[in-house]
Structures are given as structure tokens and as C-alpha cells.
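Structural description and commentary
Okay, here's what each chain looks like letter by letter:
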Amino acid sequence: RVRPRVLLLASAVLYFGGMLGCSLLGAPNTLLLYLFYGVMQGLAIGISYNVIISVTGSWFQDKKGLCNGALMMAFGASSLLLGNLLGWLFEQGLITWSRIYFALGLLVALVLIFTALFMDRPSPEQAALLPQPKVRVGGAVRSYSTGEMLRDKTFWIFFVAMVCQSAVGNAMLGFVRDISLSVGFIAVVANFTVGLIAVANGLGRIFFGLAFDRLKESQTMFLAQGTSITGSLFCLGGVLIHP
């Protein structure tokens, strides 16, 4: 309903405003932290992420899985690269936490503004010239209104599945170092495990993106969910059998 350029510019303003507000917090203030970091920065990321994923994917309809996988891999890799770099700079005393917030806010806002200059959906004429996706489902295909979507049980089944899957992924990425240390790994190995999971996370997005382009939706989801469940069970088993 709204042009991607407008949304990305709004996202840039929200992100910079949120990070600037965080950098100026001189004393502990939980309410302002929730507002600047949680609400403003969270909205900015949610807006820009969805805009970039959907608009870029509209130019690669025949390879949407690979396209989205590569974008999400870059999204995850940014935390690995920038997070480690800024963490090291902070630990070495080369930059303060407030300057990290300000620098990141400015950098991301500039990138979003630059992206907004050329990010747009293909026109009907351009879309007609693009490679078309293969027919993936049988029967008639139609659009659903927001109300129809919310009344459809299939949507809610998928919604709950995504909540559970995201919880598993976030828990693994967020606590893998603590889990590794709890079972006796030394700090160096625990840190290596964090990097290994980040790399596997990125490669998984590419692999399952390619699988989505080549297999049926049900086959891809069975493969992806089966891998996730198996990995979680192995992780749980490793913790439980540790003396």
C-alpha cells in the first residue's frame, strides 16, 4: 500500500532516532530504553527487513528461495561481523558504548537512505519481462484480505509453527556459548562454537533456499523442520548425558 522508498526513509529516521536516544541515556532509565531500543529501533528493523526481503524477491520470482536465503544470511552475518568487531573495540577501550550506539545508528540510517534511492517494485511492464516461477501448487490461486487471512486456521497453524521455530533458533544463537561452557568446554572452544553456528546458520539459509526453488513446499518444510528437530535433540542429549 505504501511505496518502499517511503517506508525505508521512515525506517531510517526511526532507527537513527532510537539509537541516538540510547546513546544519550546518561543514567539508567528502563522506560526510555524500552522506547528507544525496543519500540523505535525494533519498528525500524521490522519495517526495513520486510521491505527489502519482499521487494528484492519480487525481482527474482523464479529464484525467490535462493534470493531470500542470501538476504537473510547477510542479515545474520552482520551481527557476527559487526558484533564481534564492536565488542572487541569496546573491550579494548577504543570506543565507548554511547559512541557505538551513535555510530551504528548513523551508519544504518545512511545505508537505508541510500537503498531507498533505488529500491522499488517492478512495474507491470518490467514484471512481464522477468523469468516467471514454476507452477508450485494445483488449483486456483487467489489473494486473501487481511480479515480472511486472520480467519483461516492454516495461517494460525503456520504462525504458531514460526513462533516455535524462531524460539529454537534464537535460544540456540543466544545461549550457545553458555551451554558450551556449562558442559565443560574451555572459553576458546565455546567462542569457536558460536562462530561455527553462525556460519552454519548462514549456509542453511542458502541450502534451504535452493531446496525451496527445486522441491515442493511440503518436502522443503519436512527437510528443514526435521533438521531443526534433530539438531535440538542432539543438543539436549549432549547436555543431559554430561556428568
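As the structure is a prediction and not an experimental result, all values here were calculated from the model.

**Some points on the nonpolar core**
- Leu8, Ala12, Val51, Val55, Ala109, Leu112, Ala116 and Met119 together form the largest nonpolar core, which totals 8 residues.
- Of the residues forming this core, the biggest block, 3 residues, is contributed by helix 4 (residues 97–116).
- Valine 51 has contacts with Pro4, Leu7 and Leu8, leaving out every residue within four places of it along the chain.
- Formed by 6 residues, the second largest nonpolar core is a distinct cluster that contains Met19, Ala44, Leu86 and Ile100.

**Structural notes on the pattern of salt bridges**
- Under the definition given, this model contains 1 salt bridge.
- Between arginine 3 and aspartate 120 there is a salt bridge whose closest N-O contact spans 2.6 Å. Linking arginine 3 in the segment before helix 1 (4–23) with aspartate 120 in the loop between helix 4 and helix 5 (124–129), this pair joins segments that are 117 residues apart in sequence.
- The class of arginine 3 is partly exposed, set by a relative accessible area of 43%.
- On the basis of relative accessible area, aspartate 120 is assigned to the partly exposed category, the value being 24%.

Cut-offs applied
Residues numbered from 1 in each chain as written. Predicted model: local features only at pLDDT ≥ 70, side-chain atom pairs only at ≥ 80, totals over all residues. Heavy atoms only, no water. Core = buried A, V, L, I, M, F, W, Y, C linked by side-chain atoms within 4.5 Å. Buried < 20%, exposed > 50% of the residue type's maximum accessible area, 1.4 Å probe, protein only. Helix = DSSP H or I, 4+ residues; strand = E, 2+ residues; numbered from the N terminus. Contact = heavy atoms within 4.5 Å. Salt bridge = Lys/Arg side-chain N within 4 Å of Asp/Glu carboxyl O.

Remember, this is a structural readout, not a statement about activity or role.
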